[in-house]
Amino acid sequence: MTYVIHGATGAQGAPVVSALAAAGKSVTALTRTADAAVDGAQRVVAVGYGSTAELTEAYRGADGVFVHLPVVSEEDRMTYARNIVAAVRAARPARVVFSTSGAPIDPETGGAAAVLADGLAGSGVSHAVIAPTFYLENLLMPYVLDAVRERGVLPYPIRVDFPASWASHLDIADAVAALFDRPDITGVISVGQYPAITGPDLAEVFGAHFGKDVVFEQITPEQFRSSVAPLLGEGPAVDVAGFYAAMSTLPHRSITPADSAQKLLGITPRTTGQWLTDIGL
């Protein structure tokens, strides 16, 4: 049995490779370069999202494919989403698991994640969509973590009273591995902490972990854009800022228990404190 993992050296893909390897599954790692070192993978293949032919060849005969869209311009993400759907329809892998990475998938909202989710739903291929809200790993960005360590402040572009169901990449990997073993579960599976927590809740846990007082600081999406642009590039940073600006109009980003990993898969995502310990911070 072979499982094909996109972004196998990246933040989301690498933990999935590790989880599948630990379960004794054969992994084909898709990377930018064929000479990349991927622990746990039996095979490494250089495949670009921009080539439907390459994607089709990579997916053909696979027992499972894990896919997520990279942080690039929305125009490129749209192209990649359409190419992935075309490749899935042509190659017909046994199962596809797609992580939205927090992007909306409501067809009325539009966007690349929505196009990909809709395309998978119409492909006739067994699939599941993992829908996280915010990633705990976002709090490891230098702009955030340095502020925690140096000033006792946790800055993030959400309201002080905004509850969200945070999840880690490790939680996503757990859900992906479980969904490959559960083809009976289809549709959208929400992954995240429940009940949802606020920014001050996060700051309190960071303070306890580091043994110091930490307070939450609400910053603007524009401030966040300027902090992440050196890491992501200006175009993607603008898209990220737009995402957080849209979030500011919502009352919360909490998962619903009915379609949660807790209910459907019996998997409880890590608390913020457990995550901090698990990553050895």
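Keep in mind it's a predicted model, so treat the numbers as computed, not measured.

Caption draft 1: Layout of the overall build of the protein chain. Per the secondary structure count, the protein chain includes 11 helices and 11 strands. Here the C-alpha atoms of the protein chain give a radius of gyration of 18 Å, agreeing with the 19 Å that 2.2 N^0.38 yields for 281 residues. Structurally, the protein chain occupies a C-alpha span of about 55 × 40 × 35 Å along its principal axes. Residue burial in the protein chain is summarised as follows: out of 281 residues, 49% are buried. A separation of at least 24 residues holds for 74% of the contacts in the protein chain among residues at least 6 apart in sequence. When the accessible surface of the protein chain is summed, it comes to about 12,000 Å², and 53% of that surface belongs to carbon and sulfur atoms. When the 18 positive and 28 negative side-chain charges of the protein chain are each reduced to one mean point, those points stand 5 Å apart.

Caption draft 2: Spatial organisation of a nonpolar patch on the surface. A surface patch of nonpolar side chains, about 260 Å² in accessible area, is lined by Val71, Leu231 and Leu232. Judged by its relative accessible area of 33%, leucine 232 falls in the partly exposed class.

Caption draft 3: Representation of helix H5 (residues 142-151) within the structure. Taken together, the buried positions of H5 are occupied by Val144, Leu145, Ala147 and Val148. Each buried residue of H5 sits inside an arc of 155° when the element is viewed along its axis, so together they form one side. Each element contacted by the buried residues of H5 is listed here: strand S8 (153-156) and helix H7 (199-210). Positive phi appears at glycine 152, one or two residues downstream of H5, with a value of about 70°.

Caption draft 4: Representation of the environment of glutamine 262 in the model. Of note, glutamine 262 is situated in helix H10 (residues 261-264). Spatially, the C-alpha atoms of glutamine 262 and threonine 186 are 15 Å apart, while their sequence positions differ by 76 residues. Beyond its immediate sequence surroundings of up to four residues, glutamine 262 is in contact with Gly192, Gln193, Tyr194, Ile255, Ile267, Thr268 and Pro269. Of the polar contacts made by the side chain of glutamine 262, one reaches the backbone oxygen of glycine 192; its length is 3.1 Å.

Caption draft 5: Looking closely at the packing of aromatic side chains. Taken as a whole, this structure holds 13 aromatic pairs when the rule is applied. Ring plane angle 25° and centroid distance 5.2 Å describe the contact between tyrosine 49 and tyrosine 80, whose orientation is recorded as stacked. Taken as a pair, tyrosine 49 in the loop between strand S3 (43-46) and helix H2 (52-59) and tyrosine 80 in helix H3 (residues 74-91) lie far apart in primary sequence, 31 residues in all. When the centroid spacing of 5.5 Å and the interplanar angle of 90° are considered together, the rings of tyrosine 156 and tyrosine 244 count as edge-to-face. In this pair, tyrosine 156 sits in strand S8 while tyrosine 244 sits in helix H9 (residues 234-247), placing the two residues 88 residues apart along the sequence. A relative accessible area of 1% means that tyrosine 156 is categorised as buried. One aromatic cluster in this structure is built from Phe134, Tyr156, Phe162, Trp166, Phe224, Phe243 and Tyr244. The aromatic ring of phenylalanine 134 is capped on one face by arginine 253, whose charged end is 5.7 Å from the ring centroid.

Calculation notes
- Residues numbered from 1 in each chain as written.
- Predicted model: local features only at pLDDT ≥ 70, side-chain atom pairs only at ≥ 80, totals over all residues.
- Heavy atoms only, no water.
- Helix = DSSP H or I, 4+ residues; strand = E, 2+ residues; numbered from the N terminus.
- Rg over C-alpha atoms; globule rule 2.2 N^0.38 Å.
- Buried < 20%, exposed > 50% of the residue type's maximum accessible area, 1.4 Å probe, protein only.
- Contact = heavy atoms within 4.5 Å.
- Areas by Shrake-Rupley, 256 points an atom, 1.4 Å probe, with all protein chains shown as cover.
- Lys, Arg positive; Asp, Glu negative; His and termini not counted.
- Charge placed at Lys NZ, Arg CZ, Asp CG, Glu CD.
- Patch = residues over 30% accessible without salt bridge, like charges linked within 9 Å, V, L, I, M, F, W, Y side chains within 5 Å.
- Salt bridge = Lys/Arg side-chain N within 4 Å of Asp/Glu carboxyl O.
- Arc of directions from axis to C-beta.
- Polar contact = N/O pair within 3.5 Å; in protein donor to acceptor, adjacent residues only side chain to side chain.
- Phe/Tyr/Trp six-rings, centres within 6.5 Å; stacked < 30°, edge-to-face > 60°.
- Lys NZ or Arg CZ within 6 Å of the ring centre and 35° of its normal.

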